[in-house]
Amino acid sequence: MDGIFLISKPAGVTSRDVVNKMIKKFHFKKMGHVGTLDPFATGLLVVVAGKATKAAPFLEKSDKHYIATLKLGIKTDTLDLDGKVIDEKPVPKLNKKMVSKVLHSFVGKLEQLPPMYSAVKCNGIPLYKLARSNIEIDRKLRTIEIYNVRLLKVEGDLIRFSVDCSKGTYIRTFGEQIAEKLNTVGHLVSLKRTRVGKFDLKSAHTVKTVRLDDKINCVDALSYMDTVQVDDVTKKNIMDGKTIVLDEGHDDLVLFIDKEKNVLSIYEKINDATYKCVRGLF
C-alpha cells in the first residue's frame, strides 16, 4: 500500500507514536512522517506509506502554517510548557499595536539556532537525546523565512499569533525571538500546525477514524511539480536511471509519470534541456 495520509495529531504523543499506531492499525511495512511535531503540539501530520516514503523529502520542503500561544515572563529549557523553568523576567505592559509591530518586524529572512530539544541529528544522534543527558553542543544557524505573521490576541502575559513560514522554521525558537524583542523571555504553551503545502488540517483524520480509502496518491501529493507523462520507451529509460532530454519550458524539477499515471521518478535539470534522476519513486 502506497500513499499519503493526513492525520490530526493530539497533544501528548510524539509524531513517531502516531506512525507506530498507523502501522499497527493497517499493518504497513514501511511508513514515516513529513516534519516532526513536538509532543505538546497538535495539528496536521503528513504520514507517508510504502513508496510514498521516498517522496517525503520533497513534501517536507513545503511551506507551513501554525497557530501558537506564547507565554511571556518564563523561559523553559525546551521552550515549551513541557520543559523546566530556567529563567524568569518581568513582562512589559503590552498593547496590540506594539505587539503587532514586533511580530511584523520578523517578516522576511531570519536566522535561527535549532533548539537542543529538537529532532536535528548530530553524528546520527538526535539533539534531544543529548539534551536529556545534559549535553549541549554548538549548532549552526539556519536561514528560514517568515512569510506572514498575524496577531490574534493579547491577554495578560499571553500572545496568540498565526504564522506562515518556510521549511525548517522552529516556532518554539520563533516564540523565544519574539519574547527577546519584547525585552523579556517566554515559552510556547500551545502550538497547532494547520497546513503543510497544499494539505490542510480540515482534511485530516484521527488515527482512530482514518481509513485506507482516505489515502492520497503520490501524483496528487506532488501535483505542485511540473508533471510529464511518458511513453513505455521513455519509462524504461527512466527506470534505468538514464538522463532524459525534454523540450524547453519545463521547470528545474520534473515529476515523471507513466500512461497509467503511476509515479516513476523526480528528475532535476542539469543543463538546457537535460535532466538527471534525483529520486526514483517506483
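Before reading further, recall that the structure is shown in the block above.
The notes below deal with the structure included here. (Residues numbered from 1 in each chain as written. Predicted model: local features only at pLDDT ≥ 70, side-chain atom pairs only at ≥ 80, totals over all residues. Heavy atoms only, no water.)

Observations concerning the overall build of the protein
Okay, step 1: A count of helices and strands for the protein gives seven helices and 18 strands.
Okay, step 2: Expressed along its principal axes, the backbone C-alpha trace of the protein runs to roughly 70 × 45 × 35 Å.
Okay, step 3: Expressed as a percentage of its 282 residues, the buried residues of the protein come to 47%.
Okay, step 4: Sequence separation of at least 24 residues holds for 67% of the intrachain contacts in the protein that already meet a minimum separation of 6.
Okay, step 5: Summed over its atoms, the accessible surface of the protein is roughly 14,800 Å², and 49% of this surface lies on carbon and sulfur atoms. (Helix = DSSP H or I, 4+ residues; strand = E, 2+ residues; numbered from the N terminus. Buried < 20%, exposed > 50% of the residue type's maximum accessible area, 1.4 Å probe, protein only. Contact = heavy atoms within 4.5 Å. Areas by Shrake-Rupley, 256 points an atom, 1.4 Å probe, with all protein chains shown as cover.)

As for the environment of alanine 49
Okay, step 1: Topologically, alanine 49 is positioned in strand 3 (residues 42-49).
Okay, step 2: In sequence terms alanine 49 and arginine 160 are 111 residues apart; their C-alpha atoms lie 34 Å from each other.
Okay, step 3: Contact partners of alanine 49, with chain neighbours within four places excluded, come to Met1, Asp2, Gly3, Phe5, Phe28, Lys30 and Met31.

Quick notes on the pattern of salt bridges
Okay, step 1: Overall, the coordinates contain nine salt bridges when judged by the stated rule.
Okay, step 2: A salt bridge links glutamate 155 to lysine 153, with the nearest nitrogen and oxygen atoms 3.1 Å apart.
Okay, step 3: Overall, lysine 153 belongs to the partly exposed group, its relative accessible area being 44%.
Okay, step 4: Here aspartate 258 and lysine 235 are joined by a salt bridge, their closest N and O atoms 3.1 Å apart. (Salt bridge = Lys/Arg side-chain N within 4 Å of Asp/Glu carboxyl O.)

Considerations on unusual backbone geometry
Excluding glycine, residues mostly carry a negative phi; peptide bonds, for their part, are mostly trans.
Okay, step 1: Of note, the phi angle at histidine 27 is positive, near 60°, even though the residue is not glycine.
Okay, step 2: Structurally, histidine 27 is set in the loop between helix 1 (15-26) and strand 2 (31-34).

Side note on the environment of arginine 139
Okay, step 1: Tracing the backbone shows arginine 139 in the loop between helix 4 (127-132) and strand 10 (142-155).
Okay, step 2: In this structure, the C-alpha to C-alpha distance between arginine 139 and tyrosine 267, residues 128 residues apart in sequence, is 32 Å.

Digging into the sheet that holds strand 15 (residues 244-245)
Okay, step 1: The mixed open sheet is built from five strands, whose spatial order is 14-16-17-18-15. Lying at the two open borders of the sheet, with one neighbouring strand each, are strand 14 (226-229) and strand 15.
Okay, step 2: Inspection of the sheet shows strand 15 paired to strand 18 (residues 274-280) by two bridges, in the antiparallel sense. Its bridge partner being in strand 18, isoleucine 244 is matched across the sheet by tyrosine 275. (Pairing = 2+ DSSP bridges.)

A closer look at the pairing of strand 1 (residues 3-9)
Okay, step 1: Of all seven residues making up strand 1, six are buried, and the element is well covered by its neighbours.
Okay, step 2: Across seven bridges, the pairing between strand 1 and strand 3 is antiparallel. When the sheet's bridge partners are listed, lysine 9 is paired in strand 3 with glycine 43.

Focus on the packing of aromatic side chains
Okay, step 1: Tallying each qualifying case throughout the model produces six aromatic pairs.
Okay, step 2: Ring centres 5.8 Å apart and planes at 80° place the aromatic pair phenylalanine 161 and phenylalanine 174 in the edge-to-face group. Taken together, the residues span a long stretch of sequence, with phenylalanine 161 in strand 11 (residues 158-165) and phenylalanine 174 in helix 5 (residues 171-181) at a distance of 13 residues. When sorted by exposure, phenylalanine 161 lands in the same class as phenylalanine 174, which is buried.
Okay, step 3: One Lys or Arg, lysine 181, reaches over the ring of phenylalanine 106 and ends 5.0 Å from the middle of that ring. (Phe/Tyr/Trp six-rings, centres within 6.5 Å; stacked < 30°, edge-to-face > 60°. Lys NZ or Arg CZ within 6 Å of the ring centre and 35° of its normal.)

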